[in-house]
Amino acid sequence: MNTLFMHCRPGFEGEVCSEIAEHAARLNVAGYAKAKPASACAEFVCTEEDGAERLMRGQRFAELIFPRQWARGTFIDLPETDRISVILAHMADFPTCGSLWLEVVDTNDGKELSNFCKKFEGPLRKALSGAGKLMDDPRKPRLLLTFKSGREVFLGLADADNSAMWPMGIPRLKFPREAPSRSTLKLEEAWHHFIPRDQWDERLHSDMTGVDLGAAPGGWTWQLVNRGMLVTAIDNGPMAESLMDTGLVQHLMADGFTFKPKQPVDWMVCDIVEKPARNAAMLEEWIGEGHCREAVVNLKLPMKQRYAEVKRLLERIAEGFKARGIKVEIGCKQLYHDREEVTCHLRRLDTNKPRGSKACSR
């Protein structure tokens, strides 16, 4: 199992290759990255048999930016019939797995294989259980089969606590009909990715306050309001009347880059379409000056050198906080609902955390 296979957004295969090659070099894992354009996947081929396992052991998946999912393993060819026997034969040296995911790449060809996977999963699961290769145990590695076609599959393993939360890294989020725009799913996915579910009641509750920069028509504001927060929405455009009717939203027609709250707030969110360096500088200022405790901000990506630009901006932000002498948790991910952008999450970790209150937020 000397190959690391990764899913990604179509068109970002080069960014995945650059990112994983950098981590492999840091961990002294010899090999090379390769990918076909628009294939929605990439590979890192290790020259040592245990290279992929060492790479996954030394790198937290949640800290990767562009890969949506990963697994270590190998490609195998399948016959037209009796595919299960071939898979079982190749799993002779595999450990017993604690869960099974059948995946496809995020392309039109991949989507056409989804029905095949649904029909194939039941018989495969039964055969794996009967052979002692599958049991319900989250402590054991996950078995991931990524079908490139009905005749080719990547047979891989990943630790359940060091891989994507959803098959192929694609969340199954339902668009709330009450939300004024589909962009609302970006913020919901960000919370799922950056905030452990058992911390939502502590970090996303109704006693909190928030600011949404570039809010109109209110897709991200809706998520804050849905958690009961009092929100200041900053945008020269109109907000959805349904949000204003909640009594939880104050709409100020102002420039999102110049607005600052009179009192610190708990959350700042921003999906303004602007040069990434400007959004990154604003993000550093809001956290660094104590205007908010946590923030989610999207950075729009340039056409070229996208990984290099994101890395440079994240390093600049980290250096800025170091110069200020404050501790900040920084996360960055190209989420499924992102397009030509990445989502950043920052959280102050120092003891003097800014805290807003509904009494003073306005």
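Residues numbered from 1 in each chain as written. Predicted model: local features only at pLDDT ≥ 70, side-chain atom pairs only at ≥ 80, totals over all residues. Heavy atoms only, no water.

**What to know about the nonpolar core**
Among the nonpolar cores identified, the biggest contains 61 residues, and L4, F44, F66, L213, M268 and W286 are the most heavily contacted of them. When residues in this core are grouped by element, the largest group, 6 residues, is from helix α11 (residues 306-324). Taken domain by domain, this core gets at least three of its residues from each of domain 1 (3-169) and domain 2 (183-348). (Core = buried A, V, L, I, M, F, W, Y, C linked by side-chain atoms within 4.5 Å. Buried < 20%, exposed > 50% of the residue type's maximum accessible area, 1.4 Å probe, protein only. Helix = DSSP H or I, 4+ residues; strand = E, 2+ residues; numbered from the N terminus. Domains from an automatic or database assignment.)

**Comments concerning the layout of surface pockets**
Estimated volume of the largest pocket: approximately 720 Å³. Around the largest pocket, the lining comprises 35 residues; the ones closest to its centre are A62, E63, H193, F194 and I195. For the lining of the largest pocket, the elements supplying multiple residues, two or more each, are α6 (184-194), α11, β13 (328-333) and β14 (341-348). Counting residues per element, the lining of the largest pocket draws most heavily on β13, at 5 residues. Per-domain counts for the lining of the largest pocket show at least three residues from each of domain 1 (3-169) and domain 2 (183-348). A volume near 350 Å³ is recorded for the second largest pocket. (1 Å grid on protein atoms, 1.4 Å probe; cavity = no way out; pocket = protein on both sides within 12 Å on 5 of 7 lines; lining within 4 Å. Points joined across faces, edges and corners; volume = space filled by probe spheres on them.)

**A word on the packing of helix α3 (residues 83-90) against helix α5 (residues 114-130)**
Interhelical geometry of α3 versus α5 gives an angle of 55 degrees and a closest axis separation of 10 Å. Judged by the inter-axis angle, α3 sits oblique to α5. Taken as a pair, α3 and α5 cross one another with a handedness that is right-handed. When α3 is examined against α5, the residues R83, I84, I87 and L88 are found in contact with a partner set consisting of F116, F120, P123, L124, A127 and L128. Tallied by class, the residues present in the contact of α3 with α5 amount to 9 nonpolar, no polar and 1 charged. (Axes fitted to C-alpha atoms, helices over the stretch in contact; angles between N-to-C directions. Parallel < 35°, antiparallel > 145°, perpendicular 65-115°, else oblique. Left-handed = near helix turned anticlockwise from the far one by under 90°. Contact = heavy atoms within 4.5 Å. Nonpolar A, V, L, I, M, F, W, Y, C, P; charged D, E, K, R; others polar.)

**Here we look at the side chain of T343**
Following the sequence through the fold, T343 ends up in strand β14. Setting aside residues no more than four positions away along its own chain, T343 makes contact with A190, F194, V296, V297, N298, G331, C332, K333, L335 and D338.

**Remarks on the UniProt feature "active site" (unreviewed entry) in the chain**
Residues annotated by UniProt as "active site" (unreviewed entry) correspond here to K300. Mapped onto the fold, K300 is located in strand β12 (residues 292-300). Relative accessible area serves as the criterion here: at 13%, K300 is assigned to the buried category. Beyond its immediate chain neighbours, meaning those up to four positions away, K300 contacts K186, D271, I272, V273, E274, P276, E340 and E341. There is a polar contact of 3.0 Å between the side chain of K300 and the side chain of D271. (UniProt positions renumbered as here; feature names shortened; annotations may be inferred. Polar contact = N/O pair within 3.5 Å; in protein donor to acceptor, adjacent residues only side chain to side chain.)

**A look at the sheet that holds strand β6 (residues 142-149)**
An order of β2-β3-β1-β4-β7-β6-β5 is seen for the 7 strands of this open sheet, with the pairing classed as mixed. Pairing within the sheet leaves two strands with one partner each, and these edge strands are β2 (31-34) and β5 (99-104). The average angle at which neighbouring strand axes cross in this sheet is 30 degrees, direction not considered. Sheet topology note: the β2/strand β3 (residues 41-46) ladder contains 4 bridges and is antiparallel. Pairing of G31 across the sheet is with C46, part of β3. Lying on the sheet, helix α1 (residues 13-26) is in contact with β1 (3-7), β2, β3 and β4 (69-77); it crosses β3 at an angle near 30 degrees. Along the sheet, helix α2 (residues 51-58) makes contact with β1, β3, β4 and β7 (152-158), crossing β4 at roughly 165 degrees. (Pairing = 2+ DSSP bridges.)

**Focus: the packing of aromatic side chains**
Given two aromatic rings, their pairing is described by the distance between the two centres and the angle made by the two planes. Per the stated rule, a full pass over the model turns up 12 aromatic pairs. Ring plane angle 15 degrees and centroid distance 5.3 Å describe the contact between F116 and F120, whose orientation is recorded as stacked. Of this pair, F116 and F120 are both found in helix α5, 4 residues apart, which corresponds to roughly one turn of the helix. Residue F120 is classed as buried on the basis of its relative accessible area, which comes to 9%. Through a chain of ring-to-ring contacts, the aromatic side chains of F5, F75 and F154 assemble into a single cluster. Against the face of W101 rests R142, its NZ or CZ located 3.7 Å from the ring centre. Residue placement shows R182 over the ring face of F175; its charged tip is 4.9 Å from the ring centre. (Phe/Tyr/Trp six-rings, centres within 6.5 Å; stacked < 30°, edge-to-face > 60°. Lys NZ or Arg CZ within 6 Å of the ring centre and 35° of its normal.)

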